[in-house]
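Coordinates in review
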Amino acid sequence: MLAPEVPMSHSVAGEPSSAGRRAAPATTAVYSAAEWDLLTSLPGRVLVAAVSPAPGRPGRPVAAGLAGLDAVAAGRSSDSDLVRAVVAAIYARDEGTPPAGRLTDLVDLLAACRTAVRVLHRRADPADSAAYRQWVQSVAARVCRAVPDGTMAPADRRLLERLGTALALR
C-alpha cells in the first residue's frame, strides 16, 4: 500500500515564522511516497554516516551522536514548512524517537543526497529546498564539531565538503 502524497509549502519570504499557524503557501509541491521516504530518511542516514568510524575518522562518542540528534530536532523550529514536516514525520515514526537511519556507505549516501536535490528542484519551493539541504548538512556538521578538543579532523572536513557538494550547497 502506498503512503498518501504529502503536500509541502513555504511561507512567503519576509513573513514571520509559520510555527503554530497555517500559512497560505506561496508554492505547493506534492511528493510521492518514495520521494517522501527519501526526504525523511536522509537526515538519519547523514547522522549515521557522521557518527560511524571511517578511514581517518574514529567512531564518535555518545555526545557527538546526541549533538546530531539535537540537530535533527532543531528542525522543529525551522522557518521552512518542509523541514518542520520532515522532522514531524521522523518523530512520528517511532513515538518520538528519530530513526538511526539505515546503515549505508558514503557513496550511497552521497547518491541519495543528489537524488534529494533533484526531487527538491522539481517539487519544492526554492526557500524550502535550501532550508532542507542546509538543515541536513547541519546534522553532520554538529556531529563533526562535537569533539572534545574542538579540532575537526581532516576526514570530517572532507565529509562535510562532499555532503555540501552532493546537497548542491557549494
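The structure this text deals with has already been given above.
What comes next concerns the included structure. All values derive from a computational prediction rather than experimental measurement. (Residues numbered from 1 in each chain as written. Predicted model: local features only at pLDDT ≥ 70, side-chain atom pairs only at ≥ 80, totals over all residues. Heavy atoms only, no water.)

Turning next to unusual backbone geometry. Despite not being glycine, Ala168 has its phi angle at roughly 60°, a positive value. Note on placement: Ala168 falls in the segment after α6 (154–166). (Helix = DSSP H or I, 4+ residues; strand = E, 2+ residues; numbered from the N terminus.)

Once that is clear, we can look at helix α2 (residues 62–74). In an α-helix there are 3.6 residues to a turn, and that puts residues three or four apart on one side. If you check α2, its first and last C-alpha atoms are 18 Å apart, about what 13 residues at 1.5 Å a residue would give, namely 18 Å. What α2 keeps buried is the set Ala64, Gly65, Ala67, Gly68, Ala71, Val72 and Ala73. Elements in contact with the buried residues of α2: α1 (33–51), α3 (81–93) and α5 (126–145). (Expected span 1.5 Å × (residues − 1). Buried < 20%, exposed > 50% of the residue type's maximum accessible area, 1.4 Å probe, protein only. Contact = heavy atoms within 4.5 Å.)

In the contact formed by α1 and α2, the axes pass within 10 Å of each other and the chain directions differ by 160°. Here α2 runs roughly antiparallel to α1, going by the angle between their axes. Seen from above, α1 lies across α2 with right-handed handedness. Here α1 contributes Pro43, Leu47 and Val51 to the contact with α2, which in turn contributes Gly65, Gly68, Leu69 and Val72. (Axes fitted to C-alpha atoms, helices over the stretch in contact; angles between N-to-C directions. Parallel < 35°, antiparallel > 145°, perpendicular 65-115°, else oblique. Left-handed = near helix turned anticlockwise from the far one by under 90°.)

Looking at the secondary structure, you find Asp125 in the loop between α4 (106–123) and α5. Despite its burial, Asp125 pairs with no opposite charge, the nearest such side chain being Arg133 at 9.8 Å. Within the structure, the side chain of Asp125 is placed 2.9 Å from the backbone nitrogen of Ala127, a separation counted as a polar contact. (Lys, Arg positive; Asp, Glu negative; His and termini not counted. Salt bridge = Lys/Arg side-chain N within 4 Å of Asp/Glu carboxyl O. Polar contact = N/O pair within 3.5 Å; in protein donor to acceptor, adjacent residues only side chain to side chain.)

Nonpolar side chains in soluble globular proteins tend to be buried together. Leu42, Tyr132 and Trp135 are the most contacted members of the largest nonpolar core, which totals 44 residues. Those elements that place two or more of their residues in this core are α1, α2, α3, α4, α5 and α6. Here the element with the most residues in this core is α5; it accounts for nine residues. The contact partners of Leu42, leaving out residues within four places of it in the chain, are Leu109, Ala112, Cys113, Ala116, Tyr132, Val136 and Leu167. (Core = buried A, V, L, I, M, F, W, Y, C linked by side-chain atoms within 4.5 Å.)

Without other data, these values stay purely geometric and don't point to any function.
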